[in-house]
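What follows is the residue order along each chain.
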Amino acid sequence: MSQPNPALAAPNQYALTDEQREFAALARQLAEERVRPRAAEIDAEAAFPQDIRQLFAEQDLLALPFDEAHGGTGTGALTLCVVIEEISKACATCGLMLAVQDLGTLPIRLDGSPTLQERVLPRFASGEWLAAFALSEPDAGSDVGATRTRARRDADGWVIDGTKNWITNAGVAGAYVVFAITDADAPASRGMTAFLVEADAPGFSVAKLEHKMGMRGSPTGQLVLDGVRVGDDAVIGVVGDGFKVAMRTLDHSRLGIAAQALGIAQGATDYAAGYARERTAFGKPINRLQAIESKLADMETRTAAARELLYRAAAKADAGDSDLGKYSAMAKLFCSDTAMAVAVDAVQVLGGYGYVTEYPVERMMRDAKLTQIYEGTNEIQRVVVGRSLR
Ligand code: CAA
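Just so we're clear, the structure is a prediction, and the values are computed from it rather than from any experiment.

Basis of the calculations
Residues numbered from 1 in each chain as written. Predicted model: local features only at pLDDT ≥ 70, side-chain atom pairs only at ≥ 80, totals over all residues. Heavy atoms only, no water. Disulfide = S-S within 2.5 Å. Buried < 20%, exposed > 50% of the residue type's maximum accessible area, 1.4 Å probe, protein only. Helix = DSSP H or I, 4+ residues; strand = E, 2+ residues; numbered from the N terminus. Expected span 1.5 Å × (residues − 1). Bend = angle between axes of the 7 residues up to and from the residue. Core = buried A, V, L, I, M, F, W, Y, C linked by side-chain atoms within 4.5 Å. Domains from an automatic or database assignment.

J.: Explanation requested: the state of the cysteines in the structure shown.
T.: When the sulfur atoms of two cysteines share a covalent bond, that bond is a disulfide. On inspection of all chains with the given rule, the structure shows zero disulfides. Sulfur of cysteine 81: no disulfide; nearest cysteine sulfur belongs to cysteine 335 and is 8.8 Å away. Of the residues examined, cysteine 81 reaches a relative accessible area of 2% and is grouped as buried.

J.: I would appreciate a short explanation of helix α9 (residues 242-278) in the present structure.
T.: Given 3.6 residues per turn, any residue in an α-helix points the same way as the ones three and four places further on. A rise of 1.5 Å per residue sets the reference length of α9, with its 37 residues, at 54 Å; its end C-alpha atoms lie 54 Å apart and thus fit the reference within 8%. Considering bend angle alone, the principal kink of α9 is centred on aspartate 251 and spans about 35°. Among the 37 residues in α9, 28 count as buried, and that is most of the element.

J.: Even after reading the chapter, I still don't get the nonpolar core, so can you show me in this structure?
T.: Looking at soluble globular proteins, one finds that nonpolar side chains tend to be buried together. Phe56, Ile87, Leu255, Leu310 and Val349 are the most contacted members of the largest nonpolar core, which has 76 residues in total. Looking at this core, the elements with two or more residues in it are α2 (18-45), α3 (50-58), α4 (76-90), α5 (92-103), α9, α10 (290-319), α11 (324-350) and α12 (361-371). For this core, the element with the most residues is α9, which contributes 13 residues. Residue assignment places this core across two domains, with domain 1 (18-125) and domain 3 (249-388) each supplying three or more. One finds Leu135, Val177, Ala246 and Leu250 within the second-largest nonpolar core, a separate group that totals 27 residues.

Now the structure itself:
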């Protein structure tokens, strides 16, 4: 028997409210006036843009993931996605700053005690602290169960030892959510715990920063925890429940990466369409040549379809629907594959101009690649979706 049509069964159709439209308009204005002019420079220098961080803090964009009670805007997942999309059209590295503020604080928002939430969330919401999510390790990326970082209990609290790899915001975050094995005899899914480690904790260091193909203004690094001491008040959720804290977090946070990818796809489509309007060949604008017209039509169609899936998934997050994990995985998979395909086509539309750094589409192509890899490779997204069909 076939499945019931989920669009008819689910009451959570999305509709953007006036407030969401206002945030989108603000983000669009900031993106055009302040972010786009900086995008090429941020990429070329591979330097974290402190000026954009300051701007996002002043304009309350870093407060978007948080409830009003914790100093946030209280506007929910769909609004955050719309804003990340607008910023990422101009600069994906800058969009990532907003996505990781969500990712790195979700464990605290979903599972942290009220005391921990009250103590730290306002510092993130104000932009004083950037967040980071330290799950991956040199030998544990897709396979979270292979985590080796350990935390052992002693009379004064917890002592954490280990190495974390590929951590976004390494060196600029104010605090890191670190996942460590606390019961080596249990399977990782029942013997892992999440801790909040502040950047100035003795024994905590950033051992190396990566040199990346794209997303170059966002620092990615290796963290070393060498006897880092934290108290019981740093435990996020229940001891032994860390694997599930990480999975619940990713169910939500993958929406942010999907939004970033969507922004790249729309940014690349818009740029290529504008170029094709101006550029002439064979006596007419190249958008009148069927080969180019068809390519642009496919780019626009795929991007529009990606947006519908993402907004629906984000509405599920806001409604608290139980199939969010499946939908956020589908949105991340589809939006990032769309970003990659569309950015490659944008380079092709520009021809030789597409391949040089004077034009932005080669940067968009390099940035798009990472959206297929981080917050779970697209192979892992297919695992998540596939398991829901068993
Ligand atoms: N919510 C709650 N619990 C969940 C869950 C979810 N979404 N998914 C699984 N679980 C639970 C299961 O019910 C199971 O519980 P029990 O042990 O009590 O039965 C337990 O977790 C283990 O589940 P699985 O057996 O399914 O686990 P697995 O080892 O097969 O792994 C996986 C599943 C989906 C592949 C998972 O390992 C995964 O998502 N891997 C990818 C990790 C990832 O996305 N990393 C990205 C890091 S972040 C990043 O890139 C950040 C950045 O800087 C931008």
